[in-house]
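# Residue-level structure breakdown
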Amino acid sequence: MLWTINIKNTQKTLVFLSVFALSICSTAGRTAQDITKPQTGKTIILAIDGGGIKGVIPAIFIQHIESSLRKPSYQLFDVIGGTSTGGIISAALTTPRKTTGHPYAAEEIVNIYRHDGDKIFLAQDCKVELCATYYADNGSGGGVEPYLQKMYGPTVTLASSRDKMQSVPGNRVKHMFTTSYIVNNSQDKASKPVRAQNFGPYLFNWFDAVNNPVADNYYAWEAARATSAAPTYFPIANVGGEILPRSAAANKWVVDGGTMSNNPAIWGVTEALRTGMASRLEDIIVISLGTGIYKGGAGVGINSNAVTDIVPVGGNWSTTPWMVEKLDDLEGADHNRGVLMSIVLDAVQTVTNSQLTALKQAGLKYYRLEPELTYAQSHMDNIHPRNIQSLIATANAYIKGEGAEIFKAILNDLQ
């Protein structure tokens with residue numbers, strides 16, 4: 001595991017990180033092509049967490065960065081990557097639009113969260129029991145898939161996005177990725193499942209889209225849809241396979257990258273090393289943007305639950321309490337979708353932060369912006385205008401208060 005790294009030995013750390021990226025990412029082992037060294041001596045990575053509608057928080061942070069430095073994000077970062085809602089933002093920041101020739105500015109992304117939440121979170125009218133809460137595609141132009149197709153263009157590929165970005169004046173971005181997890185590649189059973197084919201972590205990314213277009217050149221909207229296919233919220237994402245409206249890349253059934261890396265910053269580091277953009281931790285600056293943390297949701301009240309008449313006391317719980325029952329969290333509020341999912345999403349996010357904080361002692365420069373949220377703000381699908389405005393206010397207050405020194409340091413490095 002990453003936390004066993006000997007942080008006093010930079011060389012061993014780099015070897016481990018390289019092996020980590022090459023061994024578990026399905027796109028390993030290819031020769032770098034068309035990846036050039038950053039314009040300065042540092043590779044600057046922007047990594048954006050998952051969190052549904054809470055993505056407005058990192059969008060506000062990026063808006064502050066762009067307005068403070070009077071530059072768009074594509075002129076500031078070498079690598080931009082994200083998970084779930086952060087993946088949607090990452091693709092938006094790096095996919096030139098046909099109408100303008102430029103990707104979205106942070107202010108435009110903030111407005112998407114403010115005004116289009118009901119288009120993304122479109123409640124499903126289920127004809128079967130226990131379907132996902134929200135549509136992928138309702139068959140009438142509604143749902144997250146049609147929305148993302150309009151947002152990036154229905155046939156804009158990752159490779160073409162990368163190529164077009166290189167001709168945008170002042171562009172610095174050389175690599176973009178979104179995280180996901182493969183759960184199947186054919187919809188059928190596999191007698192001998194193969195990691196990175198039938199299951200396992202997968203990055204939709206520019207590097208492999210260019211180097212292996214037959215398998216990895218997905219549409220930009222597929223990269224955004226796949227990374228945000230949150231279990232129970234949205235249906236599993238089926239991408240590739242050359243069945244309209246999907247691309248000709250390899251067929252995959254994937255779920256939200258938050259299931260394995262809700263904070264994608266560690267992937268930013270390994271991707272910088274894998275693509276040859278950096279060769280040492282000392283070459284890398286990571287700017288990691290969270291969607292806010294509600295600390296009460298990261299644990300559970302063992303014996304404080306109001307449902308003890310049907311749930312055994314002392315944590316002696318089976319499937320239903322862990323997965324479905326609205327057990328109390330650490331602060332006494334209920335886990336509205338089951339305690340296990342909340343704990344897993346918070347855990348994978350916190351682990352990455354701990355790993356990268358430790359690697360600072362081996363030369364990595366790492367910044368993390370993440371405000372604390374209330375229970376009311378913590379639900380990823382709370383699209384009520386008052387809640388969105390509350391999240392925006394929290395992000396702005398954090399930049400001026402608790403996160404002010406970190407934000408100032410980030411601006412200094414970006415300058």
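This structure is a prediction, so every number in the text was calculated from the model and none was measured. (Residues numbered from 1 in each chain as written. Predicted model: local features only at pLDDT ≥ 70, side-chain atom pairs only at ≥ 80, totals over all residues. Heavy atoms only, no water.)

With that settled, consider the overall build of the protein chain. Within the protein chain one finds 16 helices and eight strands. Per-residue burial over the protein chain gives 55% buried out of 415 residues. Across the protein chain, every contact between residues at least 6 apart in sequence was considered, and the portion connecting residues at least 24 apart equals 74%. Carbon and sulfur atoms make up 54% of the accessible area of the protein chain, which amounts to about 17,600 Å² in all. (Helix = DSSP H or I, 4+ residues; strand = E, 2+ residues; numbered from the N terminus. Buried < 20%, exposed > 50% of the residue type's maximum accessible area, 1.4 Å probe, protein only. Contact = heavy atoms within 4.5 Å. Areas by Shrake-Rupley, 256 points an atom, 1.4 Å probe, with all protein chains shown as cover.)

Moving on, we get to helix 10 (residues 220–227). Burial runs high along helix 10: eight of the eight residues are buried. Turning to helix 10, its buried residues number three or more, namely A220, W221, E222, A223, A224, R225, A226 and T227.

On to the pairing of strand 2 (residues 79–82). Where burial is concerned, the two faces of strand 2 agree: the one with V79 and G81 and the one with I80 and G82 are both buried. Note that strand 1 (residues 43–48) and strand 2 share four bridges and pair parallel. Directly across from I45, in strand 2, lies its bridge partner V79. For strand 2 and strand 3 (residues 175–184), the ladder comprises four bridges, and the chain directions are parallel. Along strand 3, the bridge assignment pairs G82 with T178. (Pairing = 2+ DSSP bridges.)

Right, let's talk about a nonpolar patch on the surface for a bit. There is a patch of nonpolar side chains on the surface, built from M323, V324, L340 and V344 and spanning about 320 Å² of accessible area. On the secondary structure map, V344 appears in helix 14 (residues 339–359). (Patch = residues over 30% accessible without salt bridge, like charges linked within 9 Å, V, L, I, M, F, W, Y side chains within 5 Å. Salt bridge = Lys/Arg side-chain N within 4 Å of Asp/Glu carboxyl O.)

Within strand 3, eight of the ten residues are buried, leaving the element largely enclosed by the surrounding structure. Of the strand pairs in this sheet, strand 3 and strand 4 (residues 200–205) are connected by six bridges, and their pairing is antiparallel. Paired with F177 across the two strands is N205, which belongs to strand 4. When strand 3 meets strand 6 (residues 252–256), the two strands line up antiparallel, connected through four bridges. Paired with N184 across the bridge in strand 6 is W253.

Here we take up the state of the cysteines. Counted according to the given criterion, the structure contains one disulfide. A sulfur-sulfur separation of 1.5 Å characterises the disulfide bridge that pairs C126 with C131. (Disulfide = S-S within 2.5 Å.)

Confidence in the prediction for the protein chain averages 90 pLDDT; 90% of positions are at 70 or higher. Between residues 1–30, whose pLDDT stays under 50, and residues either more than four places distant or in other chains, the model counts 60 contacts. (pLDDT = per-residue confidence, 0-100.)

Another point: the nonpolar core. If you look at the biggest cluster of nonpolar residues, it comprises 80 residues, and the most contacted ones within it are L46, L148, M151, Y152, F204, I287 and L414. Tallying contributions element by element places helix 2 (residues 56–69) first for this core, with eight residues. In this structure, Y152 is in contact with I88, A91, A92, T95, A220, W221 and A224, ignoring residues within four places of it in sequence. (Core = buried A, V, L, I, M, F, W, Y, C linked by side-chain atoms within 4.5 Å.)

Their axes nearest at 9 Å, the elements helix 4 (residues 106–115) and helix 15 (residues 385–400) cross at an angle of 145°. Within the contact between the two elements, helix 4 uses V110, Y113 and R114 and helix 15 uses I388, Q389 and I392. A class-by-class count of the residues in the contact of helix 4 with helix 15 yields four nonpolar, one polar and one charged. (Axes fitted to C-alpha atoms, helices over the stretch in contact; angles between N-to-C directions. Nonpolar A, V, L, I, M, F, W, Y, C, P; charged D, E, K, R; others polar.)

Moving on, we get to unusual backbone geometry. Of the consecutive residues L244 and P245, the connecting peptide bond is found in the cis state with omega at 10°. With respect to the element layout, P245 can be found in the loop between strand 5 (237–239) and strand 6. The backbone phi angle of R70 is positive, close to 55°, even though this residue is not glycine. Assignment of secondary structure puts R70 in the loop between helix 2 and strand 2. What makes R70 exposed here is its relative accessible area of 79%. Within the chain, T232 stands out as a residue other than glycine whose phi angle is a positive 80°. Among the secondary structure elements, T232 is positioned in the loop between helix 10 and strand 5. Under the relative-accessibility criterion, T232 is labelled partly exposed at 42%.

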